[in-house]
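Geometric and topological summary
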Amino acid sequence: MTQIQAAVSDEAKSIEEMLTASGYSKTAIAYYINKPHMGHISDADIASNMTGTCGDTMGITIRMNDGIIEDAKYQVMGCAGAISAAMAVVDLIKGKDLDYARSIDDGTVFKVLQEIPVKKHHCIQLAVKTLHKALDAHNLKQSA
Ligand code: FES
């Protein structure tokens, strides 16, 4: 292991310890550290941005294929709760249809995350509202 790799893994370990002490589950922490669905899909079919009351911002881009969500990514300028919730939403909706995506609510995401601090529950709402806003915009476009 190089010095830089060792420094990165030490940093990840100390972030993990901090988040565990704050009340995040191992699953939520892994989403935050690995950020598996962070990014932007340039040829997205569906997209939206949203700013929460806390001032944090996120955007979602979704690519469809034959009525199924082929890929989705979030860009998040926000806290660990927001990032882990957004990543969990993508794992929930990938490979599913838009009706299923619409049925996702805060409770569904919380079940995946297992545990995040109570004062961070609104971060889950932001991830879900961003998804729903994108679906609303898509519905409007379809019916226009
Ligand atoms: Fe703003 Fe978490 S504190 S989304």
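Residues numbered from 1 in each chain as written. Predicted model: local features only at pLDDT ≥ 70, side-chain atom pairs only at ≥ 80, totals over all residues. Heavy atoms only, no water.

Next up on the list: helix α5 (residues 106-113). Helical geometry note: an α-helix holds 3.6 residues per turn, so side chains three or four residues apart project in the same direction. Between a side-chain oxygen at the N-terminus of α5 and the backbone nitrogen of G107 the separation is 3.1 Å; the capping residue is D105. The first or second residue beyond α5 is Q114, which carries a positive phi of 75°. (Polar contact = N/O pair within 3.5 Å; in protein donor to acceptor, adjacent residues only side chain to side chain. Helix = DSSP H or I, 4+ residues; strand = E, 2+ residues; numbered from the N terminus.)

All right, on to the nonpolar core then. If you look at the biggest cluster of nonpolar residues, it comprises 39 residues, and the most contacted ones within it are M58, I62, Y74, I93, V109, L113 and L131. At the level of elements, α2 (26-34), β2 (57-65), β3 (68-77), α3 (80-93), α5 and α6 (121-143) are the ones that each hand at least two residues to this core. With eleven residues, α3 is the single largest residue contributor to this core. If sequence neighbours within four positions are ignored, I62 has contacts with I41, A44, D45, I46, I69, D71, A72, I93 and L131. (Core = buried A, V, L, I, M, F, W, Y, C linked by side-chain atoms within 4.5 Å. Buried < 20%, exposed > 50% of the residue type's maximum accessible area, 1.4 Å probe, protein only. Contact = heavy atoms within 4.5 Å.)

Look at α5 against α6: their axes get within 9 Å of each other, and the N-to-C directions meet at 120°. Classified by the angle their axes make, α5 and α6 are oblique. Here α5 runs over α6; the crossing is right-handed. Residue-level contacts link D106, V109, F110 and L113 of α5 to H121, I124, Q125 and V128 of α6. (Axes fitted to C-alpha atoms, helices over the stretch in contact; angles between N-to-C directions. Parallel < 35°, antiparallel > 145°, perpendicular 65-115°, else oblique. Left-handed = near helix turned anticlockwise from the far one by under 90°.)

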